[in-house]
Amino acid sequence: MYDRIALMLSQAQRVVSVAGMVLCVAVLMVAGTDSAASTQQSGLVDVGLVVFDPGIPADQSTHSQRGIFPDIRKAEAKYMPVVLRQVLIESGDWGVVRVLPEVLDSSELLVTGIILQSDGLRLQLRINARDASGVEWLNRVYSGSTRSTDYPASVPGDPYLGLYQQIADDLAAVLRQKNAKQLTTIQDIALMRYAIQLAPTVFGSYLTQTPEGRYVLVRFPAEGDPMLARVIRIRNQEYLFIDTVDEQYERLSEEMAPTYNLWRQYGAEQAIYQGEYQERVASRGAQGRRGSFTALEQSYNTYKWSKIHEQDLVELALGFNNEVAPTVMDVSGAVVELSGTLDSQYSEWRDILQRIFTLETGLPPAS
Amino acid sequence: MNRSPAQLSAAVTVFVVYILLAGCASAPVEKPRLQRENLQAVNFSGSWEMDYSLSDSTQEKLDVMARDLNRQAQRRAQSEGRRRPVGAEMMVRNTAGPNSGSSVLGLARMADLITQSPLLEIHQDTHKISVKREEDFSLTCEFYPGEMHKVETPFGTEICGWNGHQLVFELRLPEGLSIQHIITMGAAGQKLLIATTVVSSQVSFPFSLNRVYNRFEPGESGFQCQETLTRGRVCTTESR
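Each chain has its residues counted from 1, running along the sequence as written. Going through the entries in the order they are written, you letter the chains from A and number the ligands from 1. Local features in this predicted model are restricted to residues of pLDDT 70 or higher, and side-chain atom pairs are both shown and tallied only at a pLDDT of 80 or more, whereas totals for entire chains, interfaces and linings draw on every residue. Values shown for side chains rest on all heavy atoms present in the structure; no hydrogens or waters enter the calculation.

**Quick word on the overall build of chain A**
Now for step 1: The numbering of helices and of strands both runs from the N terminus, where a helix is a DSSP run of H or I of at least 4 residues and a strand a run of E of at least 2. The number of helices and strands found in chain A is 8 helices and 7 strands.
Now for step 2: Residue burial is assigned from relative accessible area. The probe radius is 1.4 Å, only protein chains are included, and a residue is buried under 20% of its type maximum, exposed over 50%, and partly exposed in between. Split into buried and exposed, the 367 residues of chain A put 47% on the buried side.
Now for step 3: Within chain A, counting contacts between residues at least 6 apart in sequence, those at least 24 apart form 72% of the total.
Now for step 4: Residue burial considers only the protein chains on display, and all accessible areas are found by Shrake-Rupley using a 1.4 Å probe. Working note: accessible area of chain A is about 17,900 Å², and carbon and sulfur atoms make up 55% of it. Contacts are assigned to residue pairs that have any heavy atoms within 4.5 Å of one another.

**Structural notes on the overall build of chain B**
Now for step 1: In terms of regular secondary structure, chain B is built from 3 helices and 12 strands.
Now for step 2: By residue count, 43% of the 240 residues in chain B fall in the buried class.
Now for step 3: Here the analysis covers contacts within chain B between residues at least 6 apart in sequence; of these, 53% occur between residues at least 24 apart.
Now for step 4: Only carbon and sulfur atoms are counted for the fraction: they give 53% of the accessible area of chain B, which is about 12,900 Å².

**What to know about the nonpolar core**
Now for step 1: In this structure, Trp-94, Trp-137, Leu-171 and Phe-203 of chain A are the most contacted members of the largest nonpolar core, which totals 76 residues.
Now for step 2: Of all the elements, helix H7 (residues 226-283) of chain A adds the most residues to this core, at 13 residues.
Now for step 3: When sequence neighbours within four positions are dropped, the list of residues in contact with Phe-203 of chain A reads Met-192, Ala-195, Ile-196, Pro-221, Met-227, Leu-228 and Val-231 of chain A.
Now for step 4: Within the second largest apolar cluster, 46 residues are counted, among which are Met-65, Phe-169, Met-185 and Leu-192 of chain B. Nonpolar cores were defined as sets of buried Ala, Val, Leu, Ile, Met, Phe, Trp, Tyr and Cys residues, with membership established by side-chain atoms within 4.5 Å.

**Quick word on the state of the cysteines**
Residues and elements named next belong to chain B.
Now for step 1: We call a pair of cysteine sulfur atoms a disulfide whenever their separation is within 2.5 Å. Under the counting rule described, the total for this entry stands at 1 disulfide over all chains.
Now for step 2: Disulfide pairing is shown between Cys-141 and Cys-160; the S-S distance is 2.0 Å. Its torsion about the S-S bond being 95°, the disulfide of Cys-141 and Cys-160 is classed as right-handed. Note that Cys-141 is positioned in strand E4 (residues 139-142) and Cys-160 in strand E6 (residues 156-163), a separation of 19 residues in sequence. For the pair formed by Cys-141 and Cys-160, the shared burial category is buried.

**Points about the interface of chain B and chain A**
Now for step 1: If you look at the interface, chain B gives 44 residues, while chain A gives 36 residues.
Now for step 2: A 1.4 Å probe defines the accessible area here, and the buried area is the portion of it lost by two parts on being joined, summed over both. With both sides pooled, the region where chain B packs onto chain A buries about 3,400 Å², and carbon together with sulfur makes up 58% of that total.
Now for step 3: If you sort the residues of chain B by the area they bury against chain A, Phe-155, Glu-175 and Leu-229 of chain B come out on top, with a joint share of 26%.
Now for step 4: Should a side-chain nitrogen of Lys or Arg be within 4 Å of a carboxyl oxygen of Asp or Glu, the pair is scored as a salt bridge. Here chain B and chain A share 3 salt bridges between them.
Now for step 5: Of the charged contacts, one joins Lys-307 of chain A and Glu-158 of chain B as a salt bridge, the two residues approaching to 2.7 Å between their closest N and O atoms.
Now for step 6: Here a polar contact is recorded for every N or O atom pair within 3.5 Å, except that within protein the pair must consist of a potential hydrogen donor and a potential acceptor, and residues adjacent in sequence are included only if both atoms are side-chain atoms. The interface formed by chain B and chain A includes 13 residue pairs in polar contact (both at pLDDT 80 or more).
Now for step 7: Every element with two or more residues in the side of chain B that touches chain A is listed here: helix H3 (101-113), strand E3 (128-133), E4, strand E5 (149-153), E6, strand E7 (166-173), strand E8 (177-185) and strand E11 (224-228) of chain B.
Now for step 8: No other element matches H3 of chain B, which puts 7 residues into the side of chain B that touches chain A.
Now for step 9: Residue type decides the class: Asp, Glu, Lys and Arg count as charged, Ala, Val, Leu, Ile, Met, Phe, Trp, Tyr, Cys and Pro as nonpolar, and the leftover types, Gly among them, as polar. A class-by-class count of the residues in the side of chain B that touches chain A yields 15 nonpolar, 17 polar and 12 charged.

**A look at helix H2 (residues 58-79) of chain B**
Residues and elements named next belong to chain B.
Now for step 1: Helix span is expected to be 1.5 Å times the residue number reduced by one. If you check H2, its first and last C-alpha atoms are 31 Å apart, about what 22 residues at 1.5 Å a residue would give, namely 32 Å.
Now for step 2: Here H2 has its buried residues at Thr-58, Leu-62, Met-65, Ala-66, Leu-69, Ala-73 and Ala-77. Along the axis of H2, the buried residues cluster in a sector spanning 105°; they form a single face. For H2, the exposed residues lying more than 90 degrees away from the buried face are Glu-60, Arg-75, Gln-78 and Ser-79.
Now for step 3: One or two steps after H2, the chain reaches Gly-81, where phi turns positive at roughly 85°. Think of the arc as the fan of directions from the helix axis to the C-beta atoms.

**Some remarks on the sheet that holds strand E9 (residues 191-200) of chain B**
Residues and elements named next belong to chain B.
Now for step 1: Between any two strands, at least two bridges found by DSSP are needed for them to pair. Taken together, 10 strands build an open sheet; the order of strands is E4-E3-E2-E1-E10-E9-E8-E7-E6-E5 and the sheet is antiparallel. The open sheet has two edge strands with one neighbour each: E4 and E5. Adjacent strand axes in the sheet meet at a mean angle of 20° when their direction is disregarded.
Now for step 2: Of the pairings in the sheet, the one linking E3 to E4 comprises 4 bridges and is antiparallel in character. Along E4, the bridge assignment pairs Val-131 with Leu-139.
Now for step 3: Strands E8, E9 and strand E10 (207-216) of the sheet are contacted by H3, whose axis makes an angle of about 15° with E10. An axis is simply a line fitted to the C-alpha atoms; with a helix, the fit covers only the stretch in contact. Between two such axes, the angle follows the N-to-C directions and lies from 0 to 180 degrees.

**Digging into the confidence of the model for chain A**
All names here are of chain A.
Now for step 1: A residue's pLDDT is the predictor's confidence in that residue, given on a scale from 0 to 100. The share of residues in chain A with pLDDT of 70 or more is 86%, and the mean pLDDT across the chain is 83.
Now for step 2: Within the model, the stretch residues 1-10 combines pLDDT values under 50 with 0 contacts to residues more than four positions away or in other chains.
Now for step 3: Counting contacts from residues 13-39, a segment whose pLDDT is below 50, to residues more than four positions away or on other chains yields 38 contacts.

**With respect to the packing of helix H5 (residues 180-198) of chain A against H7 of chain A**
Residues and elements named next belong to chain A.
Now for step 1: Where H5 contacts H7, the axes come no closer than 10 Å and their chain directions differ by 95°. Relative to H7, the element H5 lies roughly perpendicular. Facing Ala-190, Leu-191, Met-192, Tyr-194, Ala-195 and Leu-198 of H5, the residues of H7 in contact are Leu-228, Val-231, Ile-232, Ile-234, Arg-235 and Glu-238.
Now for step 2: Among the residues making up the contact of H5 with H7, the classes are represented as 10 nonpolar, no polar and 2 charged. Comment on the angle field: the value is read as roughly parallel under 35 degrees, roughly antiparallel over 145, roughly perpendicular from 65 to 115, and oblique elsewhere.

**Details of the pattern of salt bridges**
Two side chains carrying opposite charge are able to pair once their charged atoms lie near each other.
Now for step 1: For the structure on display, the rule yields 22 salt bridges over all chains.
Now for step 2: Taking the shortest distance from any N to any O, the salt bridge between Glu-136 of chain A and Arg-130 of chain A comes out at 3.0 Å.
Now for step 3: Linking Arg-133 of chain B and Asp-136 of chain B is a salt bridge whose minimum nitrogen-to-oxygen distance equals 3.6 Å. Note on accessibility: Arg-133 of chain B and Asp-136 of chain B belong to one class, buried.
Now for step 4: Here the salt bridges share partners, and the residues they tie into one network are Asp-46, Arg-98 and Asp-243 of chain A.

**Focus on empty space enclosed by the protein**
Now for step 1: Computed over the protein atoms alone on a 1 Å grid, cavities are sets of points where a 1.4 Å probe fits but cannot get out and pockets are open sets with protein on both sides within 12 Å along at least five of seven lines; a residue lines them when it has an atom within 4 Å of a point. Grid points are joined across faces, edges and corners, and a volume is the space filled by probe spheres set on the points. For the structure on display, the rule yields 3 cavities of 30 Å³ or more.
Now for step 2: There is about 100 Å³ of room inside the largest cavity.
Now for step 3: At the level of elements, E9 and E10 of chain B are the ones that each hand at least two residues to the lining of the largest cavity.
Now for step 4: Its residues assigned to classes, the lining of the largest cavity comprises 5 nonpolar, 5 polar and 2 charged.
Now for step 5: Empty space within the second largest cavity amounts to approximately 70 Å³.
Now for step 6: Together, Asp-46, Val-47, Gly-48, Val-96, Arg-98, Leu-100, Leu-104, Ser-106, Ser-107, Glu-108 and Tyr-239 of chain A line the second largest cavity.
Now for step 7: Mapped onto the lining of the second largest cavity, the elements with two or more residues apiece are strand E1 (47-50) and strand E2 (97-100) of chain A.

So this is what it looks like as structure tokens:
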């Protein structure tokens, strides 16, 4: 008798526990269900653009020689993906395009970039794009150069818009080679990769990985699978966080654009001036007799003016940092805060899903 | 004029510091050996203004050099059995060619020209130094262990680094002109000596000028200013 009561109590406790968990997850995700549109609903592939690698050599002693201003590069690494994002959105070829603070493995199409060279005259980026199944779409270096007519640059707009357009065109070309089934598979794999991160015990067997690192879909959960529905809701909730992070990058880009455009314009003018100065100096002969004050002064002044122009650029870089650093710091702080919140939320979600799964199946939790 | 013991003591101290500094830097004919380990020995950061009373007079230095060159020429003439130096050996002759009057004068004027900056603003951190000179370009150097800072451009070559407690800048320019600045700080950290040596391929003697600078605190304006790109110099009344 007491045993039956204990058993009934235990079952009731289990039901209440499951209901509590479900309610908790439901409450947690109610906002995410509608507002963050699921990728699969639209049929378009979502793109994750990771903040670029600024390409700053570890050897600090080479920076000045290579004309690299590390703080400017770090700001550019956040600025450039936002420009590419805008171009991809305007093409209409893609689903949601987000700028991510770090690699999100479960992105349907993940685009990463390294800044190889960036100044007012030339931009060189290495761009890599890989879909969720591990297939590489793009891995090449893009170069762009400016003309004097590109400055002053208008906002919105970018002197290197052609380079970003080329990246978008190349991505679209690969996209057009894929049929609808292939694209759906990519989206399904992306969802499964995300689900495996959340509940490896439940979804681990749905995907396999080839020795080359490709992901192959073995099977897919049935329509209406409650566990998958929870995962989708959690993913939508996560997208809400990412969209907030993305807004921060957009804010940085908007606030930085006028200063950054001016910096590139000055940089381009300086480089053109230096080139012309070199030509002028090379073509003019020595003004005085060798060893005379006139000759010595000419030699010194030539060097002096080339140094003064070079040092002007350093002063301009300082002016850029003074102006942009507070926004960069503010945005970086907000991103760290949001990412931190997301990390703790993510760990909470994983824990809840694991407990629901354990309660539903009675299987022991994964170690 | 009677001087108080304190004034005398201060004057003697300044004189001794000057002699010591000058002693450190006025043997520049021998090339300082720059240390490859590039360890920073002294922090020169601060604002400095030229002390004209302790700095060399270009005219006096030129006179000394002219005397030395003439004496040398005479000695050479005597050893060769001639009674007077001839041709290009005679520095005072105002003709073209090595050691000619105009070449020596050109060298002295050059030394004077490049050491005229009355104010210096020095910023130094872990890896670099910038010596901002009024009316001239900044002398800059980077310090990374195991490598000398060398910059080569179509207009000249710069090498810099530490020689013990002295910071050495060397500039090699076309027309056989080379310039060396050796920066030394006084013991109390209130005086700075820049010994500049200018060498021309047309003069057999280098020409050196010592410039002494005193540390000073720039006046508090009550504003805090910084350069920006779009708005120029922006100042606020925030205290530092």
